[in-house]
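# Working through the structure, step by step
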Amino acid sequence: MADRRQSKRNRAVGAIVAAAAILSAWAILHATGSAAIAAGFGGTIVCAAALLLLFRQLYPPAADTNAQSVDWSLVREAAEQGGTAIAITDRQGRLVCTNDAHDRMFGGPAAPPGLPVDGAGVNALTAAGRSAWRDGDAHAAGIRRDGRVLDVDIVRAGAAQDCLIWRFSAASGSAARFDPSEVIDGVWGDRMGEAGVMLALIGSEGRVRAANRPMIKRATGRVEAPIAGRDLASLLSSDSHGQTRFKLEGPLGTPLRLFTIPVETEVENGPQLVALIDDDSLRAGEGADVPLQKLLAMLPLGLALADRDGRFLYMNQAFVRAANVAAGSTPVYPGDLVIRDDKTAVADAVRRFASGQSSSGDLSVRLRDRPDEPVALTMAGARGLGEAAVLLSLKDNTEESRLKREVAQATKMQAVGQLAGGVAHDFNNILTAIIGHCDLMLMRHTPGDSDYDDITQIRINSNRAAGLTRQLLAFSRQQTLRPQILQLPDVIAEVSHLLQRLLGETVTLSVNHGRALGSVRADPGQLEQVIVNLAVNARDAMPNGGTVTLQTYAVSAADVRKLGSDIMPVADYTALRLSDAGTGIPPEILSKVFEPFFTTKEVGKGTGLGLSTVYGIVKQSNGFIFADSKEGVGTSFVIYLPVHKAEELAPVDAPVRVEKPADLWGHGTVLVVEDEDMVRTVAERALTRHGYTVLTASHGEEALEILGQGTPIDLLISDVVMPTMDGPTLVRHARERFPDLPILFMSGYAEEQLRKSIQIDRVAFLPKPFSVKQLAEAARDALAGRSASAS
């Protein structure tokens, strides 16, 4: 096709050149009269034209690329100059370009006919687009978008006629639609905010479509926070007086006045423009005095005002904290703050003070969220304060209540500890007799006898009971400890193999040690018991398995200050944390976990002494233990042991090493002083069977009479706590006459506690309950020590 057009164009050019050559030759012939000159000139013209045509065929002109490409940004900028919404699509229906008016009208760039309009509108746009491609232009009317009626004009355009231009405008006869987003999102929205007006565009469903910056900041707390799509009602709250506030600002926020402006008056339930402004005249409530409220807001006391009907007019921030009023849930009456049983008393008191009683009075009430802690609600009649008739005062005693609970808990633990220590002491006497008689009976029986197994079983159960008494003594911090200077990682390494067996296959043990750990002074055996008890509890808290984590780390004095603990002295500590990923401990139970005999396990699966024993051992080691737990997340126990500071000790003579004979047989006269008949009998029979001559006394005065008879005594074995005269007093009198007399104390109390109170040199100690063998060993060692010192 193009070649045929070019051929026609060449023939036309040739004809024109030939005619020009003939006319030029005729004119020259007529002017000069020379045929040769005329023929030469005409031939020259023909040759020049032929050469020019040949050159254009060999070297055609380059295509004008600038005429073929389109700068769509320039086109879009030109389209922005008018107020019409414009979109351009190509032959494949793809969107080429839109202007801002189109994007605002349809909520963003969208290619016609697939616009967010009703179904009939989409069909009308589709048909109009086909007509435009066929006829070059088309028109469609009655397109409905968000309550407004639109007309559209479509024109086919472009160098190759391969684009459609869609122009949308308001339907003829309808008013131009106001676009609120232009006001809200632009400079005018900021200026309205500076004037104190907060704007929001709300759709028919009640959700925010757009808002100016002051509105976003007051409603969410941040200018950059997303607000589009949020329900406007969820951002506001209303109190009993019908006052509206931002929920984020709480009951003490500034009340708001709301104005709604329908965007489309002819459309029902269409979008609305909401304007909010602060109304300071409503801040203090109906008829309340604003300066008075400002004064109450400055005071640190929890103060509130109520009217004659008992309704709250105002609450300052301290009152809100003390009453634990949640944001957005402002109470109507003071009775709404307390439990049901106290509502009537509070309502009567408010009515009485509002009716004329001007003096103040206190009322003990229980708040709804803290029903176990009575608080004092003070009321006084108010006069001359507008609608305010009653002044209420509520003290925030959260910290005071916490301290009271801690003191009560410490007092209770101390009382229970004293009781446990006394019970353990008496019980140890009984166990001493049982175990001793079992040992004496086993001396007369051999394995295989009919009674041997029964006696052995009695002894085993007695030893189990003795273990319970040791736990009681540990809880009461009256257990005998053998403290050493040690490192916590070494203790954990010693007990880790035992822990692996105790935890089982479903529980993994993870151990992490920190750096620069200070040494501590504690009993390694008791620390191992602490770790084992905590690990077993962690295992039981993870029935489906999990990980138990042991972690050690250093805690400096600065770290202790940051903790803000009221009971831990500021010093350097070495911490041990044991964590699990178990079921967790509820908050109401967490404060009771260290109490003796308190357990959450099933009946028969726990004595309730595990954590109480841990608590006693840690406290007796001058340490501290804290528990933290979240239900469904896990529990962690943290033990803080003070770092041991090395002290220079005075040089002492090397102790004399005494070789202990393997044979328990002995000789000499032993005086046993014990007020419990059963223990005294066991000790007498046990020592007699090992070759000693035994004298007995039931109290200290009787023992002094025996010592005064002149009978040589090789060893004095005495109980510590006895009626009439206790053991230490007896020993002091005995040492006056026999300075070198060996002394062996036996008691159910802790050795450390006794040594602090006894203050007597060269005494040995035998804790109850003891077996016949342990008694014989202690007597042998005491006599061996005398022999060594004499030599």
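Residues numbered from 1 in each chain as written. Predicted model: local features only at pLDDT ≥ 70, side-chain atom pairs only at ≥ 80, totals over all residues. Heavy atoms only, no water.

### Side note on the packing of helix α16 (residues 488–503) against helix α17 (residues 524–540)
In a packed pair of helices, the relevant descriptors are the angle between the two axes and the axis-to-axis distance. For the record, the criterion: For helices, the fitted line uses only the C-alpha atoms of the stretch in contact; every axis is such a line through C-alpha atoms, and the angle between N-to-C directions lies from 0 to 180 degrees. Secondary structure is summarised from DSSP: a helix means a run of H or I of at least four residues, a strand means a run of E of at least two, and numbering begins at the N terminus for each. Roughly parallel refers to an angle under 35 degrees, roughly antiparallel to one over 145, roughly perpendicular to one between 65 and 115, and oblique to any angle outside these ranges. Helix crossings get a hand from a simple test, with the near helix turned counterclockwise from the far one by less than a right angle marking a left-handed crossing and a clockwise turn marking a right-handed one. Only heavy atoms matter for contacts: two residues are in contact if any of them lie within 4.5 Å across the pair. Lys, Arg, Asp and Glu make up the charged group, whereas Ala, Val, Leu, Ile, Met, Phe, Trp, Tyr, Cys and Pro make up the nonpolar group; the residues left over, Gly among them, are polar.
Contact pair α16 / α17: the axes reach a minimum separation of 10 Å and the direction vectors enclose 40°. The orientation of α16 relative to α17 falls into the category oblique. Once α16 is placed against α17, the crossing between them reads as right-handed. Contacts between α16 and α17 involve Leu488, Val491, Ile492, Glu494, Val495, Leu498, Leu499, Leu502 and Leu503 on the former and, on the latter, Pro524, Leu527, Glu528, Ile531, Val532, Ala535, Val536 and Arg539. Here the contact of α16 with α17 is built from residues that sort into 14 nonpolar, no polar and 3 charged.

### Describing the nonpolar core
Quick note on the threshold: Only buried Ala, Val, Leu, Ile, Met, Phe, Trp, Tyr and Cys residues count toward a nonpolar core, and they belong to the same one when joined by side-chain atoms within 4.5 Å. Partly exposed residues are those whose accessible area sits between 20% and 50% of the maximum for their type, while under 20% is buried and over 50% is exposed, using a 1.4 Å probe and protein chains only.
Formed by 35 residues in total, the largest nonpolar core has its most connected members in Leu499, Ile531, Leu534, Val548, Leu550, Ile625 and Ile639. The greatest single-element share of this core, amounting to 7 residues, is contributed by α17. Counting residues in hydrophobic clusters, the runner-up holds 25 residues, among them Val320, Ala322, Phe353 and Leu377.

### A closer look at the side chain of Asp90
Which entries qualify depends on this criterion: Under this definition, polar contacts are N or O atom pairs within 3.5 Å; protein pairs additionally need one hydrogen-donor-capable and one acceptor-capable atom, and for neighbouring residues in sequence, both atoms have to be side-chain atoms.
Checked against the element boundaries, Asp90 lands in strand β1 (residues 85–90). Taking the relative accessible area as the measure of exposure, Asp90 reaches 13% and is therefore buried. Among the polar contacts listed, one links the side chain of Asp90 to the backbone nitrogen of Gln92, at a separation of 3.2 Å. The residues contacting Asp90, other than those within four sequence positions of it, are Val96, Trp133, Asp162 and Cys163.

### Section: the pairing of strand β12 (residues 303–306)
In regular strands, side chains alternate between the two faces of the sheet. Operational definition: Strands qualify as paired when DSSP identifies two bridges or more between them.
Every second residue of β12 is oriented toward a common face, with Leu303 and Leu305 on one face and Ala304 and Ala306 on the other, all of them buried. Sheet topology note: the β12/strand β16 (residues 388–394) ladder contains 4 bridges and is antiparallel. Opposite Leu303, over in β16, you have Ser393 as the bridge partner. With 3 bridges joining them, β12 and strand β13 (residues 312–315) adopt antiparallel strand pairing. By the bridge assignment, Ala306 is partnered in β13 with Phe312. Where β12 folds back onto β13 in an antiparallel hairpin, the turn is made up of 5 residues, including Gly310, whose phi is positive at roughly 85°.

### Focus on the packing of aromatic side chains
Aromatic ring pairs are described here by two measures, namely the spacing of the ring centres and the angle between the planes. How we decide: The pairing test for Phe, Tyr and Trp rings, Trp by its six-membered ring, is centres within 6.5 Å, and the orientation test on the planes gives stacked under 30 degrees, edge-to-face over 60, and tilted for anything in between.
Inspection of every chain in the model, using the stated rule, returns 4 aromatic pairs. Seen in terms of ring centroids, Phe312 and Phe319 are 5.9 Å apart; in terms of plane orientation they differ by 65°. Their pairing is edge-to-face. For Phe312, a relative accessible area of 5% translates into the label buried. Using a relative accessible area of 1% as the deciding quantity, one classes Phe319 as buried. Consider the rings of Tyr573 and Tyr640, whose centres lie 6.3 Å apart with planes at 80°: the pair is edge-to-face. Here Tyr573, found in strand β21 (residues 573–579), pairs with Tyr640, found in strand β23 (residues 634–642); they are 67 residues apart in sequence, far enough to count as distant. The pair Tyr573 / Tyr640 is uniform in exposure class, with both members buried. By way of ring pairs, the aromatic residues Tyr573, Phe624, Phe626 and Tyr640 are connected into one cluster.

### Re the pairing of β23
Burial analysis of β23 places 8 of its 9 residues in the buried class, which makes it a mostly covered element. Two elements, β21 and β23, share 7 bridges in a ladder whose sense is antiparallel. Bridge pairing in β23 places Thr574 opposite Leu641. Relative to β23, strand β22 (residues 624–630) runs antiparallel, the two sharing 7 bridges. Bridge assignment links Phe624 to a residue of β23, and that residue is Tyr640. Joining the antiparallel neighbours β22 and β23 is a turn of 3 residues, in which Gly632 adopts a positive phi near 80°.

### As for unusual backbone geometry
Here Pro112 and Pro113 are connected by a cis peptide whose omega angle stands at 5°. Within the secondary structure layout, Pro113 lies in the loop between α5 (100–106) and α6 (119–135). Its identity as a non-glycine residue notwithstanding, Asn622 has a phi of 65°, on the positive side. Within the element layout of this structure, Asn622 appears in the loop between α20 (610–620) and β22. Here Asn622 falls in the exposed class, since its relative accessible area comes to 57%. Of note in the backbone geometry, Thr724 takes a positive phi value of approximately 70° without being a glycine. Positionally, Thr724 belongs in the loop between β26 (715–719) and α23 (727–737).

### Some words on the confidence of the model for the chain
Selection criterion: Each residue carries a pLDDT score, the predictor's own confidence in it, on a scale running from 0 to 100.
Per-residue pLDDT for the chain has a mean of 76; in total, 71% of the residues score no lower than 70. When the criterion is pLDDT under 50, residues 62–68 qualifies, and its contacts beyond four places in sequence or with other chains add up to 0 contacts.

### What about the sheet that holds strand β20 (residues 546–555)?
Pairing is mixed in the open sheet, where 5 strands are placed in the order β18-β20-β21-β23-β22. One side of each edge strand has no neighbouring strand; the edge strands of this open sheet are β18 (507–513) and β22. When strand polarity is set aside, the average angle formed by the axes of neighbouring strands in this sheet is 15°. α16 contacts β18, β20, β21 and β23 of the sheet and is inclined by roughly 175° relative to β18.

### Notes on the sheet that holds β26
The strands making up a sheet associate through backbone hydrogen bonding, with each pair oriented either parallel or antiparallel. In space, the 5 strands of this open sheet follow the order β25-β24-β26-β27-β28, with parallel pairing throughout. Unpaired on one side and paired on the other, β25 (693–697) and β28 (763–767) mark the two borders of the sheet. Put simply, the sheet's adjacent strands are angled 20° from each other on average, direction ignored. Alignment of strand β24 (residues 669–673) against β26, held across 4 bridges, turns out to be parallel. Across the sheet, residue Val673 finds its bridge partner in β26, namely Ser718. Sheet strands touched by helix α21 (residues 677–689): β24, β25 and β26. Its angle to β25, the strand with the most contacts, is close to 170°. Strand contacts of α23: β24, β26, β27 (743–747) and β28, with the helix running at about 155° to β26, the strand carrying the most contacts.

### With respect to a nonpolar patch on the surface
Quick note on the threshold: Residues form patches when they are more than 30% accessible in relative terms and have no salt bridge. Like charges link within 9 Å. Nonpolar side chains (Val, Leu, Ile, Met, Phe, Trp, Tyr) link within 5 Å. Note on areas: Shrake-Rupley, 1.4 Å probe, and residue coverage restricted to the protein chains presented here. Only one rule defines a salt bridge in this text: a Lys or Arg side-chain nitrogen within 4 Å of an Asp or Glu carboxyl oxygen.
A surface patch of nonpolar side chains, about 370 Å² in accessible area, is lined by Phe427, Ile430, Ile434, Ile458 and Met678. A total of 3 residues in the nonpolar patch trace back to one element, the largest contributor, which is helix α14 (residues 398–443).

### A look at the packing of helix α22 (residues 700–708) against α23
One can describe the packing of α22 onto α23 by two numbers: an axis separation of 10 Å at closest approach and a directional angle of 10°. Classified by the angle their axes make, α22 and α23 are roughly parallel. When the axes of α22 and α23 are compared, the crossing they make is right-handed. Across the interface between the two elements, Gly700, Ala703, Leu704, Leu707 and Gly708 from α22 touch Leu730, His733, Ala734 and Arg737 from α23. Class assignment for the residues of the contact of α22 with α23 results in 5 nonpolar, 3 polar and 1 charged.

### Structural notes on the environment of Val325
Residue placement: Val325 occurs in the loop between α12 (317–323) and α13 (340–354). According to the relative accessible area criterion, Val325 is buried, its value standing at 13%. Sequence spacing of Val325 and Gly250 is 75 residues, and the spatial spacing of their C-alpha atoms is 9.4 Å. What Val325 contacts, discounting residues up to four positions off in sequence, is Val320, Thr330, Pro331 and Leu337.

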